[in-house]
Each structure stands twice: as structure tokens, then as C-alpha cells.
Amino acid sequence: MSKIKQPFDRRAFLRKSILGGVGTSFALEQLLAIRLYGDLIARKALMPMQSTLDSYPLMQNALKGGASLLNVHKAMAQSTSEWSVVTIKIVNHVCTPLLFRLGEVSGDTTVQGPGSIDLSTRVKNAECGAMLASKGINLLSDIDRFRNLRFNKWFADMLRFGTQDGLAYSAAANNSLVDPSLIGEFPADSQVAIQCGLGLSQGVSGNHSLANMKLSNTMPDLAKFILDTGIVYSPLGITCFNMGDEYDQAEGATPFNIVCSGDGEAAAVVGRSVKNYFDGIKQNVSGTGYSVSSTEDNLTLAIDQLVTQDPVLRKELLASRANFVTALSELESAANLETEVQTYDTAQANFQTNMSGAGKEFLAQCAYVAKAMNIPGQPVRNFSLFLNTIDLDRNPIDFDAANGGNTSVIRALTYVEGMRQLAVGLNVLAQSIAAGNKLIVQVISEGGRSNDLADSKNSFGIVLGPAGVGNLSDVLYANAAEINNGNSLSVVNPAAPEANTVWDSNYLKKPDGSAVDDAELIGPSVANLQMGVAEFLAEKNQASTAINDAGINFIKLKRGE
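Rules and cut-offs
- Residues numbered from 1 in each chain as written.
- Predicted model: local features only at pLDDT ≥ 70, side-chain atom pairs only at ≥ 80, totals over all residues.
- Heavy atoms only, no water.
- Pairing = 2+ DSSP bridges.
- Helix = DSSP H or I, 4+ residues; strand = E, 2+ residues; numbered from the N terminus.
- Axes fitted to C-alpha atoms, helices over the stretch in contact; angles between N-to-C directions.
- Contact = heavy atoms within 4.5 Å.
- Expected span 1.5 Å × (residues − 1).
- Buried < 20%, exposed > 50% of the residue type's maximum accessible area, 1.4 Å probe, protein only.
- Salt bridge = Lys/Arg side-chain N within 4 Å of Asp/Glu carboxyl O.
- pLDDT = per-residue confidence, 0-100.
- Core = buried A, V, L, I, M, F, W, Y, C linked by side-chain atoms within 4.5 Å.
- Phe/Tyr/Trp six-rings, centres within 6.5 Å; stacked < 30°, edge-to-face > 60°.

Student: Can you help me understand the sheet that holds strand E8 (residues 382-388) in this one?
Tutor: Sheets are built from strands paired through backbone hydrogen bonds, the pairs being either parallel or antiparallel. The 7 strands lie next to each other as E5-E8-E1-E9-E12-E4-E13, forming an open sheet whose pairing is mixed. Of all strands in the sheet, those bounded by a partner on one side alone are strand E5 (238-240) and strand E13 (475-477). In this sheet, adjacent strand axes meet at a mean angle of 15 degrees when their direction is disregarded. One ladder, built from 8 bridges, connects strand E4 (residues 192-201) with strand E12 (residues 458-466); its direction is antiparallel. Residue pairing for E12: Gln 195 is matched across the bridge by Val 463. Of the strands in this sheet, strand E1 (84-91), E4, strand E9 (439-445) and E12 touch helix H16 (residues 526-540), which is tilted by about 170 degrees from E9.

Structure below.
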């Protein structure tokens with residue numbers, strides 16, 4: 001290792017350290033002949049906004065005693081919350097009938113009305129249509145709880161057991177997409193609550209843009225908002241995942257997952273694959289990612305010495321490192337899951353474009369979260385996950401080619417496989433909640449699909465969280481008269497803007513918690529749902545002033561009694 005290239009000005013360097021992120025990385029490059037490994041400075045054009053938010057460099061600094069320790073300290077000092085939050089972003093758009101069966105109920109599971117998926121025209125392969133029909137995609141779930149939420153039988157059964165065929169796991173059947181220890185019968189409503197909202201409009205109006213899921217044009221994603229305001233304490237910032245290393249490049253300005261800042265679609269945090277993220281952890285805890293030369297030659301150790309005067313910080317950093325070392329094997333299994341590819345079956349439509357079978361990149365993200373919740377101290381508590389599906393543009397739900405102006409470099413799931421992995425992933429996360437973790441999961445989309453599978457700005461949302469008094473309880477935010485009327489527009493075309501009707505109960509509130517005017521009740525947005533999650537967490541952490549100051553209406557999530 002070579003000597004420092006110029007005299008070390010401690011005050012100047014600490015100034016750069018406070019900036020964190022890429023600024024610190026560039027400072028290291030200037031001052032040292034040190035190899036910055038992995039992709040710490042990859043996608044440099046997007047990274048200057050990261051500062052103290054991105055868990056990847058924060059994690060690296062905490063684990064190796066790096067140059068931005070002051071930033072780690074700042075992140076650790078925000079609050080004392082034990083809550084964690086997961087945002088699952090679905091692109092490109094979602095299709096309500098793939099999860100929900102709306103219309104007039106004429107029996108336990110039989111539903112009348114046009115809210116079904118036409119399996120003669122909306123499926124390319126007859127085998128897939130037969131599978132979906134036999135699994136009950138156009139029937140209501142026969143489980144009371146899921147029927148009340150209007151889940152169709154196909155989706156509800158996969159959610160119930162966390163398996164690809166909706167049957168209880170058995171080794172002989174080989175129907176588990178993940179480690180069987182991560183799934184199980186969906187927890188009882190006394191343990192985990194499910195909340196669903198129909199007719200949610202975009203937070204920011206657009207098409208094929210991650211900015212559609214921001215809180216407003218001038219506000220960021222929920223992940224950044226709750227960290228900025230101290231509502232959620234995540235010692236090592238935000239963990240932002242991509243779905244592998246290749247992404248759908250639809251019409252969006254950003255072709256991979258980011259946590260949006262308040263400036264358009266600018267990135268506050270840039271996504272990485274699970275394997276890339278794990279490799280960074282492994283390098284740091286093993287010592288292979290940085291030099292251990294003398295103090296004079298290695299600025300990392302010089303900065304490390306500066307914080308020995310703060311024994312509390314030093315103890316926290318050492319504990320974080322030790323906890324990650326202990327969790328390495330568990331986290332590695334999630335990283336390995338990302339590289340697994342299923343055997344393709346036409347009936348299952350389980351493939352990704354440009355792949356013979358569907359990969360498990362999204363499931364790896366869910367598995368990583370579940371395993372990270374078991375790390376002592378839970379140093380990462382704020383996650384942004386990415387579920388990438390084919391841009392249909394009126395094509396069948398088992399469509400198998402890149403579309404919508406995409407290039408040949410695309411790794412997107414079919415809609416059938418995408419919703420299958422969503423069901424399994426939610427089961428994995430529900431098991432973590434049932435194990436006692438204070439985890440809130442929200443599913444949102446940057447848009448929806450009309451009944452002819454064209455782009456729409458209307459979608460649905462799902463929230464999972466701990467149940468019980470003061471926590472959450474099951475609820476379907478909708479208009480019962482509308483979704484039980486086979487002739488209503490909410491059933492004929494739930495993605496149509498005119499289908500947004502006033503919900504049965506006034507769950508939408510002004511920032512100060514008061515009731516909104518009647519004129520504001522139509523068409524709650526994805527942003528309103530996210531602010532509802534933020535309001536719940538703020539209530540738990542006594543940070544409600546942050547909600548009022550934000551100035552965004554929120555959905556008052558139904559509490560358990």
C-alpha cells in the first residue's frame with residue numbers, strides 16, 4: 001500500500017466525513033491509494049444524494065471502522081424505536097383481479113359479475129389458463145378471513161401456505177420456492193393483521209415512474225421520510241434492493257429501484273442486489289475489503305482512533321460487527337436464493353424474460369429481511385424492496401416477451417409468477433411478524449391495469465403488521481355496496497378513475513387528524529396509504545408532529561380493540 005498522497009488535514013477530512021456517501025469515498029480516493037471494493041462508488045451519478053441514508057456505506061463504515069463514523073453515530077442517535085418497515089414496490093403496474101375477486105357473491109366462493117379474468121383471451125397458454133381456473137382465480141377464497149378481504153382463492157391459498165401451488169408444504173411435493181423454515185400457515189388474525197385498500201390513485205401522476213410512489217411532487221418516498229423525521233430508527237439507514245443485477249427498462253426514467261428524494265426521481269438511495277449487498281458485508285467482517293497497514297499509511301485506522309474517545313459509539317460499532325458476523329451464514333442463504341432459477345413449467349408461467357425459468361430475486365429480498373430481523377439489535381430496520389413484472393400493454397398475463405419499448409436486457413417476471421412470488425414473500429414476512437418482530441409491510445404500485453390490461457393510474461395497496469390492541473386489525477378499505485354489485489364500475493373495471501368511490505368508513509384524515517371534507521373522500525392515493533403507515537409508526541414513537549408538519553392527508557389504519 002502506498003503512502004498518503006498529501007498531508008492529512010484532520011479538520012478538512014472530517015468536514016468531508018460529515019457529508020458521507022460518495023463525498024467520503026472520493027476523499028479516500030484522493031488521500032489514499034486504497035482499493036474501494038464492491039460497488040461502493042458505482043452509479044456515481046446517482047449517489048451524491050445518499051449522505052447518511054444508505055445502509056450499504058453506513059454498514060461498511062460501522063463494520064470496518066471507516067471514514068464516515070460520524071454519520072453512523074448520527075444515524076444511531078435519531079431515536080429509540082424498535083419498529084421496522086418494509087416497502088414493496090411493484091412495477092410495471094398491478095392488475096386487481098389477479099388478487100381480488102369483486103362482484104356479487106352468490107355462494108360461499110361463487111361470484112357473479114364481470115370482475116373475473118377471461119381465461120380464454122387473457123392467457124396465452126391454455127395450460128396456464130387451466131391451472132388458474134382449477135386453483136380458483138375467479139372464485140372467492142374459501143377461508144373466511146381471506147374471503148372478507150375479497151382475495152381470490154388462487155392468491156389466498158398461496159398466501160396461506162407460502163407455497164407455489166397453494167398447498168401445505170411437504171418435502172415430497174417439492175412446492176416451496178424458499179427455505180421451508182421461512183414459511184408456514186399464515187398466522188392468525190390475533191398475531192398478524194392484513195389491511196387492503198382498493199381504488200388507490202398514484203401519489204404523483206405519471207406513468208412507469210418510481211416517482212409515482214412518492215408522498216408528493218416535493219416529498220420523498222416513505223422510507224426517506226420516516227428516517228429524516230426520526231419516526232423510524234434504523235441504525236444503519238435504508239436497505240434498498242434491486243431484483244438482481246438486470247432490470248426492466250420500461251418507460252421509467254430510472255430502470256432499477258431507488259429511494260426517491262423530494263426532487264423528482266432523483267435518488268436518495270440506490271438499490272443493490274441482495275448478493276452484492278451480502279458480499280459487501282462479508283468483505284467487511286472478514287477484513288478482506290480494506291487494508292490493515294500501519295496507522296500512518298491507513299486513514300481508516302486513523303479515523304478509527306478518533307472515535308476511541310467515544311466508548312458508547314465504539315461499543316455500538318463493535319456490537320454491530322459482531323452481530324453481523326454471527327448472522328453471516330443466515331444472510332448468505334438469502335443471497336444464494338437470489339441466484340436460483342426455477343424449472344420452467346408452461347402451466348405455471350414461471351419464467352422471466354430472457355430466462356428459461358423464473359429467478360428468485362424478489363424472494364431473496366424477503367428472505368433477507370426476515371433474517372435481518374433476527375440480528376441482535378436489528379441494525380437495519382428500513383427496507384425498500386422491488387418486484388419487477390413485465391410491462392403488459394394489453395398482452396396476456398402469462399406473456400413471455402419483452403414489451404413496452406424495452407431493450408433486450410430485461411429480467412421481469414410474468415404477472416402470474418410475480419403475484420405468486422408476492423404471495424410467498426408476504427407469507428415469509430408474516431412469519432417474521434408472528435415471531436414477535438415489530439414489522440410493518442406495505443405493498444404499493446406505480447399504477448394499475450384496466451380490464452383489458454392497459455396502463456391505469458389506479459391500483460390497490462396492502463399492509464401487514466402486528467395485530468392486537470393498539471396495533472392493527474384486518475380491514476378492507478372499499479365500498480361494500482360497490483364491490484358487491486356485479487354491475488358497478490368498481491367491478492366492471494376497478495382500475496378506471498371513475499371507479500374510485502367513497503369508502504364505507506371515513507378512514508382518510510387531514511394531517512392534524514381531523515376528518516377530511518366530503519369532496520376529498522373520493523380516490524385516496526398511494527401517498528395517503530403510506531402516510532397512514534407513517535402516522536401509525538409516529539404514534540408508536542411519539543412523533544406525531546412530523547405527520548402534521550408534512551401536510552399530507554393520511555389513511556388512519558384500523559387499530560385492534
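Student: Would you mind going over helix H12 (residues 361-372) with me for this structure?
Tutor: Since the α-helix turns once every 3.6 residues, residues separated by three or four places project in the same direction. Here H12 spans 16 Å end to end across 12 residues, near enough to the 16 Å set by a 1.5 Å rise per residue. Every buried residue of H12 is listed here: Glu 361, Phe 362, Leu 363, Ala 364, Gln 365, Cys 366, Ala 367, Tyr 368, Val 369, Ala 370, Lys 371 and Ala 372.

Student: Sorry, what's going on with the pattern of salt bridges here?
Tutor: If you walk through the whole model with that rule in mind, you get 19 salt bridges. A salt bridge links Glu 535 to Arg 559, with the shortest nitrogen-to-oxygen separation between them at 3.0 Å. Taken together, the residues span a long stretch of sequence, with Glu 535 in helix H16 and Arg 559 in the segment after strand E15 (554-555) at a distance of 24 residues. The class for Glu 535 is buried, based on a relative accessible area of 9%. Where salt bridges share partners, they join Glu 535, Glu 539, Lys 556 and Arg 559 into one cluster.

Student: What is the right way to read helix H13 (residues 415-434) from this model?
Tutor: Here H13 contains 20 residues, and its C-alpha end-to-end distance of 28 Å stays within 8% of the 28 Å for a straight helix at 1.5 Å per residue. Positive phi shows up at Gly 436, right after H13, with a value of about 110 degrees.

Student: Explanation requested: the confidence of the model for the chain in the structure shown.
Tutor: Caution applies to low-pLDDT regions: their predicted coordinates should not be interpreted in detail. On average, residues of the chain score 79 in pLDDT, and 76% of them are at 70 or above. Per-element confidence in the chain ranges from a low mean pLDDT of 31 for helix H2 (residues 21-31) to a high of 98 for helix H7 (residues 153-161). Note on residues 1-51: pLDDT is under 50 here. Beyond four places in sequence and across chains, it has 104 contacts.

Student: Would you mind going over the nonpolar core with me for this structure?
Tutor: Within soluble globular proteins, side chains that are nonpolar tend to cluster in buried spots. Ranked by size, the top nonpolar core spans 142 residues in total, and within it Phe 225 and Leu 422 carry the most contacts. Setting aside residues no more than four positions away along its own chain, Leu 422 makes contact with Ile 88, Ile 90, Leu 99, Phe 155, Phe 362, Leu 387 and Val 443. Core analysis: the second largest hydrophobic core is formed by 8 residues, Ala 223, Cys 240, Val 259 and Val 269 among them.

Student: Please explain the packing of aromatic side chains as it appears in this structure.
Tutor: For any two aromatic rings, the description comes down to two numbers: the centre-to-centre distance and the angle of the planes. In this structure the tally under the stated criterion is 12 aromatic pairs. Ring plane angle 75 degrees and centroid distance 5.9 Å describe the contact between Phe 146 and Phe 186, whose orientation is recorded as edge-to-face. In this pair, Phe 146 is assigned in helix H6 (residues 144-148) and Phe 186 in the loop between H7 and E4, connecting sequence segments 40 residues apart. The same class applies to Phe 146 as to Phe 186, namely buried. Ring geometry for Tyr 344 against Phe 351: centres 5.2 Å apart, planes inclined by 75 degrees, an arrangement best described as edge-to-face. We classify Tyr 344 as partly exposed; its relative accessible area is 35%. Owing to a relative accessible area of 5%, Phe 351 belongs among the buried residues under this scheme. The structure contains a cluster of three or more aromatic residues connected by ring pairs, namely Phe 100, Phe 146, Phe 151, Phe 155, Phe 186 and Phe 460.

Student: What exactly am I supposed to notice about the pairing of E12 here?
Tutor: It is a general feature of regular strands that their side chains alternate between the two faces of the sheet. Among the 9 residues that make up E12, 9 are buried, leaving the element largely enclosed by the rest of the structure. Inspection of the sheet shows E9 paired to E12 by 3 bridges, in the antiparallel sense. Residue pairing for E12: Val 443 is matched across the bridge by Ile 462.

Student: What am I meant to see in the environment of Asp 108 here?
Tutor: Tracing the sequence through the fold places Asp 108 in the loop between strand E2 (104-105) and strand E3 (111-112). A relative accessible area of 62% means that Asp 108 is categorised as exposed. In this structure, Asp 108 is in contact with Leu 140, Ser 141 and Arg 147, ignoring residues within four places of it in sequence.

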